[in-house]
Amino acid sequence: MHTGARVSFQDWLSARYPRLRLEVDLSDRYVDLLEDGYDVAIRIAEPTQSGLVSRQIDRFTLHACASPDYLMRKDSIVHPRDLVRHDCVVQRTYAPRNKWRFNMGDGAVEINIVPRIVVSDMAAARELVVSGAGISILPSYLVTDDIAAGRLVEVMPAASLPSVEVFASFSHHRRTLSKILVLIEELEATGSLSRRPPH
């Protein structure tokens, strides 16, 4: 999720609930909520671990994007297979990101890419792509404004990518704690950490 938006949400939540104490880990590493002492985790897949409660708080779409400058310098992209000849920018996560899957009119197409640049933060990937470093699959909450302003172009708009659901997960035994109830209610009301909270 977008780090800047997360910090904005936390500032707003602290002002709204001054007695609420926050300790926030913004890393993308996977944590065990039952063992590591965390109250709530925001994840882009519904956990299957027993003993956890999950609530869907948002959904966003994915887009394969590049800058107009990059596309002018490189070979044209007509089919997902063309991407193997391009400079791909990916985010480092606990799961490999060397397979990109697109849905075409005649079915799904999965390609193996060799990343040219690997970064630890999705916002950094977006900045690299805007600067012309390559192509990346980026979330809608990061690129909607860039596409509208012409800073980024969605390559192969006819080849769709799956939407992603966002979940807040917490221990079943802690589900009645007021601090968790407040956080979950506000996340559901505002959409998620990817959106701007109300003023």
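Student: Explain the packing of helix H4 (residues 122-130) against helix H5 (residues 140-149) to me, and be specific about the residues and the numbers.
Tutor: For the pair H4 and H5, the least separation of the axes is 10 Å and the interaxial angle reads 20 degrees. The orientation of H4 relative to H5 falls into the category roughly parallel. The way H4 lies across H5 gives a crossing that is right-handed. Touching Met 122, Ala 123, Arg 126 and Val 130 of H4 are Leu 142, Val 143 and Asp 146, all from H5. Looking at the contact of H4 with H5 residue by residue, the class counts come to five nonpolar, no polar and two charged.

Student: Quick one: what's the story with the sheet that holds strand S3 (residues 62-66), residue by residue and with numbers?
Tutor: Pairing is antiparallel across the open sheet formed by three strands, whose spatial order is S8-S3-S9. This sheet does not close on itself; its edge strands, each paired only once, are strand S8 (136-139) and strand S9 (153-154). Two elements, S3 and S9, share two bridges in a ladder whose sense is antiparallel. When the sheet's bridge partners are listed, Cys 65 is paired in S9 with Glu 154. Relative to the sheet, H4 contacts S3 and S8, its axis offset from that of S8 by approximately 125 degrees. Relative to the sheet, H5 contacts S3, S8 and S9, its axis offset from that of S8 by approximately 100 degrees.

Student: Please give an account of H4 that cites residues and values.
Tutor: Residues spaced three or four apart along an α-helix point in a common direction, a consequence of the helix completing one turn every 3.6 residues. Of the residues making up H4, those classed as buried are Met 122, Ala 123, Ala 125 and Val 129. On an axial view of H4, the arc spanned by its buried residues comes to 155 degrees, and they lie on one face. For H4, the N-terminal cap is Asp 121; the gap from its side-chain oxygen to the backbone nitrogen of Ala 123 is 3.0 Å. A positive phi of about 95 degrees marks Gly 132, the residue just after H4.

Student: Give a detailed account of unusual backbone geometry, specifying residues and quantitative values.
Tutor: With a phi close to 50 degrees, Met 156 is a non-glycine residue in the positive phi region. Position of Met 156 relative to the elements: it lies in the loop between S9 and strand S10 (164-171). By relative accessible area, Met 156 is classed as buried at 9%.

Student: Go over the confidence of the model for the chain with me, naming the residues and quoting the values.
Tutor: Per-residue pLDDT for the chain averages 81, and the proportion of residues at 70 or more is 83%. Per-element averaging of pLDDT across the chain places helix H1 (residues 3-16) at the bottom with 58 and helix H3 (residues 68-73) at the top with 96. Ignoring residues within four places in sequence, the model shows residues 1-5, a span with pLDDT below 50, making 15 contacts including any to other chains.

Student: Quick rundown of the pattern of salt bridges? Include the residues and the values.
Tutor: For the structure shown, the criterion picks out nine salt bridges. Its salt-bridge partner being Asp 69, residue Arg 73 comes within 3.1 Å of it at the nearest N-O pair. Taken together, the positions of Arg 73 and Asp 69, both in helix H3 and four residues apart, correspond to about one turn of that helix. A relative accessible area of 44% means that Asp 69 is categorised as partly exposed.

What counts, and at which threshold
- All residue numbers refer to position in the chain's written sequence, counted from 1.
- Residue-level local features of this predicted model are given only where pLDDT is at least 70; pairs of side-chain atoms are given and counted only at 80 or more, and the full residue set underlies all totals for whole chains, interfaces and linings.
- Based on all heavy atoms of the structure, the side-chain values leave hydrogens and waters out of the count.
- To obtain an axis, a line is fitted to C-alpha atoms, over the contacting stretch when the element is a helix, and the angle between two such axes runs from 0 to 180 degrees between their N-to-C directions.
- Put simply, DSSP marks the helices as runs of H or I at least four residues long and the strands as runs of E at least two long, and each gets a number from the N terminus on.
- Working definition: roughly parallel below 35 degrees, roughly antiparallel above 145 degrees, roughly perpendicular at 65 to 115 degrees, and oblique for all remaining angles.
- Left-handed describes a crossing whose near helix is turned anticlockwise from the far helix through less than a right angle; right-handed describes the clockwise counterpart.
- Working rule for contacts: check all heavy atoms of both residues, and any pair within 4.5 Å makes them a contact.
- When residues are grouped by polarity, Ala, Val, Leu, Ile, Met, Phe, Trp, Tyr, Cys and Pro land in nonpolar, Asp, Glu, Lys and Arg in charged, and all others, Gly among them, in polar.
- Strands pair, by our definition, only if DSSP identifies at least two bridges between them.
- Per-residue accessibility, obtained with a 1.4 Å probe over protein chains only, is compared with the maximum for each type, and a residue is labelled buried under 20%, exposed over 50%, and partly exposed between these values.
- Arc definition: it is the arc formed by the directions from the helix axis to the C-beta atoms.
- In protein, a polar contact means a hydrogen-donor-capable atom and an acceptor-capable atom, both N or O and within 3.5 Å, with residues adjacent in sequence counting only if both atoms are side-chain atoms; elsewhere, any N or O pair within 3.5 Å suffices.
- pLDDT is a per-residue confidence score from the predictor, ranging from 0 to 100.
- When a carboxyl oxygen of Asp or Glu is within 4 Å of a side-chain nitrogen of Lys or Arg, the pair counts as a salt bridge.

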